[in-house]
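In case you want the letters, here they are:
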Amino acid sequence: MTEQTTVKSSAQLRKEWLEHRFFRYRGCAPHPDDPMRMAGDPSLHVGAHHGPDAFAPEGQKERRTREEKAIEVCLNCPVMVACDRYASSVDGDGKLAEPDGVWGGRRSLERHKALIRQRVAAVAAPDRQFQTAQKQAVLRALAGCWDPFEVAAAAGVDVRTANWQRSSLVRLLGLPKGVSRMRALAAARERGLLEGLDVVADDGTVPAVPPPTKTTVPAEPTQLGLWGGQAVAKAPVARRRRRSVRRRARVRARVAAPVPTLDDALNAPQPAPGLARVIPLFPANRRLEAAV
Ligand code: SF4
């Protein structure tokens, strides 16, 4: 499937939003029974998305509570996507189409931050930074598939390098870390980096950079023992077994070896290997024994 990215003006996006077939069911519409209340949440004033006017200032805590409730209404609104696209679009004068209030589930500050990120990325990452052979190979591979191994194979690099280049591309495009693959590819297309390439679309939930893969070492089985009434972890079972096997082998070797008697040691011309030389300290006693 080929994804076509066309840049629409704020006026076109506003028209799309106003002409959406579910526009009349939007959450911030006036309630049918009370035009001063909001249809999506009758406990809210109809203007809760934009706050009180200049003559009724509100504290930071009240503002945050109001905005959270307004965002809750947006999240259940059937035209949220169209609303966000319009409100976050940029006018001819370079400003947001809707600079104030909550629109499309996002606060004014969030939409401004996103706009600044886009501009910083456009300035900070000139096209030549995308022109390395490896980055281009990974970007082209990412347009065709999204599995980390397939992307690495298509780009002709190992998985670790492919993932590193994917992170680098996301950063250079000025996108947040957890951005989806489709969003990253749309940003790359806007920068003219996917000229003549078909993008194989996913469902929009595939991350542009896969989560880091940890090399897991299989844990040795442990056993719990009671020590002073408390459960304590003992050393791994496999290691204890190995140790006990070694000890048993040592004991068996000791039992099997002939134990030299004192007389053997005294009469031996050379001390037995591993034994110190025995010096007869009481030769008189030995003579007495011989006499008996
Ligand atoms: S998404 Fe837009 S139209 Fe829907 S409730 Fe929020 S501000 Fe209103």
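Residues numbered from 1 in each chain as written. Predicted model: local features only at pLDDT ≥ 70, side-chain atom pairs only at ≥ 80, totals over all residues.

## Examining the overall build of the protein
Working step 1: Scanning the protein for helices and strands turns up eleven helices and two strands.
Working step 2: Looking at the protein residue by residue over its 292 residues, the buried ones come to 20%. (Helix = DSSP H or I, 4+ residues; strand = E, 2+ residues; numbered from the N terminus. Buried ≥ 20, exposed ≤ 12 C-beta atoms within 10 Å, placed from the backbone.)

## Description of the nonpolar core
Side chains of a nonpolar character, in soluble globular proteins, are inclined to be buried together.
Working step 1: In terms of nonpolar packing, the biggest core is built from 23 residues, with Val138, Leu142, Val151, Leu173 and Ala184 touching the most fellow members.
Working step 2: Those elements that place two or more of their residues in this core are α5 (133–144), α6 (148–155), α7 (159–172) and α8 (181–190).
Working step 3: The leading source of residues in this core is α5, at five residues.
Working step 4: Leave out the neighbours within four places in its chain, and alanine 184 touches Leu169, Val170, Leu173, Leu175, Val179 and Ala208.
Working step 5: Ranked by size, the runner-up nonpolar core spans 17 residues in total, among them Trp17, Ala70, Tyr86 and Ala87. (Core = buried A, V, L, I, M, F, W, Y, C linked by C-beta atoms within 7 Å. Contact = placed C-beta atoms within 7 Å.)

## Topic: the site of the ligand
Working step 1: Of all residues adjacent to the ligand, which total 14 residues, the nearest are Gly27, Cys28, Cys74, Cys77 and Cys83.
Working step 2: Residue assignment for the shell around the ligand shows that the elements contributing at least two residues are α2 (60–75) and α3 (80–87).
Working step 3: Counted by class, the shell around the ligand contains eight nonpolar, five polar and one charged residues. (Near = placed C-beta within 6 Å. Nonpolar A, V, L, I, M, F, W, Y, C, P; charged D, E, K, R; others polar.)

## Focus on the packing of helix α1 (residues 10–18) against α3
Working step 1: The contact between α1 and α3 brings their axes to 8 Å, and the two run at 160 degrees. When the axes of α1 and α3 are compared, the pair comes out roughly antiparallel. You can see that α1 and α3 cross each other, and the crossing is left-handed. Together, Ser10, Leu13, Arg14, Glu16 and Trp17 of α1 and Ala82, Cys83, Arg85 and Tyr86 of α3 make up the contact between the two elements. (Axes fitted to C-alpha atoms, helices over the stretch in contact; angles between N-to-C directions. Parallel < 35°, antiparallel > 145°, perpendicular 65-115°, else oblique. Left-handed = near helix turned anticlockwise from the far one by under 90°.)

## Some words on the confidence of the model for the protein
Working step 1: Per-residue confidence for the protein gives a mean pLDDT of 79, with 71% of residues at or over 70.
Working step 2: Predicted confidence for residues 1–5 stays below pLDDT 50, and this span has nine contacts to residues more than four positions away or in other chains. (pLDDT = per-residue confidence, 0-100.)

## Remarks on the environment of alanine 70
Working step 1: The topology assignment puts alanine 70 in helix α2.
Working step 2: A residue is classified by how many C-beta atoms lie within 10 Å of it, and alanine 70, with 26 of them, is buried.
Working step 3: As for alanine 70 and arginine 107, which are separated by 37 residues in sequence, their C-alpha atoms are 9.5 Å apart.
Working step 4: With near-sequence residues (within four places) excluded, alanine 70 lies in contact with Ala48, His49 and Val102.

## So, α6
Working step 1: Of the residues making up α6, those classed as buried are Val151, Ala152 and Ala155. For α6, the angular spread of the buried residues around the axis is 100 degrees, confining them to a single face.
Working step 2: At its buried positions, α6 is contacted by α5 and α7.
Working step 3: One or two steps after α6, the chain reaches glycine 156, where phi turns positive at roughly 75 degrees. (Arc of directions from axis to C-beta.)

## Here's the deal with the packing of α6 against α7
Working step 1: Closest axis-to-axis distance for the α6/α7 pair is 8 Å, and the angle between their directions is 95 degrees. When the axis of α6 is compared with that of α7, the two are roughly perpendicular. Here α6 contributes Pro148, Phe149, Val151, Ala152 and Ala155 to the contact with α7, which in turn contributes Val159, Ala162 and Asn163.

## Focus on the environment of glutamate 110
Working step 1: Mapped onto the elements of the fold, glutamate 110 is located in helix α4 (residues 108–124).
Working step 2: With 22 residues separating them in the primary sequence, glutamate 110 and serine 88 have C-alpha atoms 9.8 Å apart.

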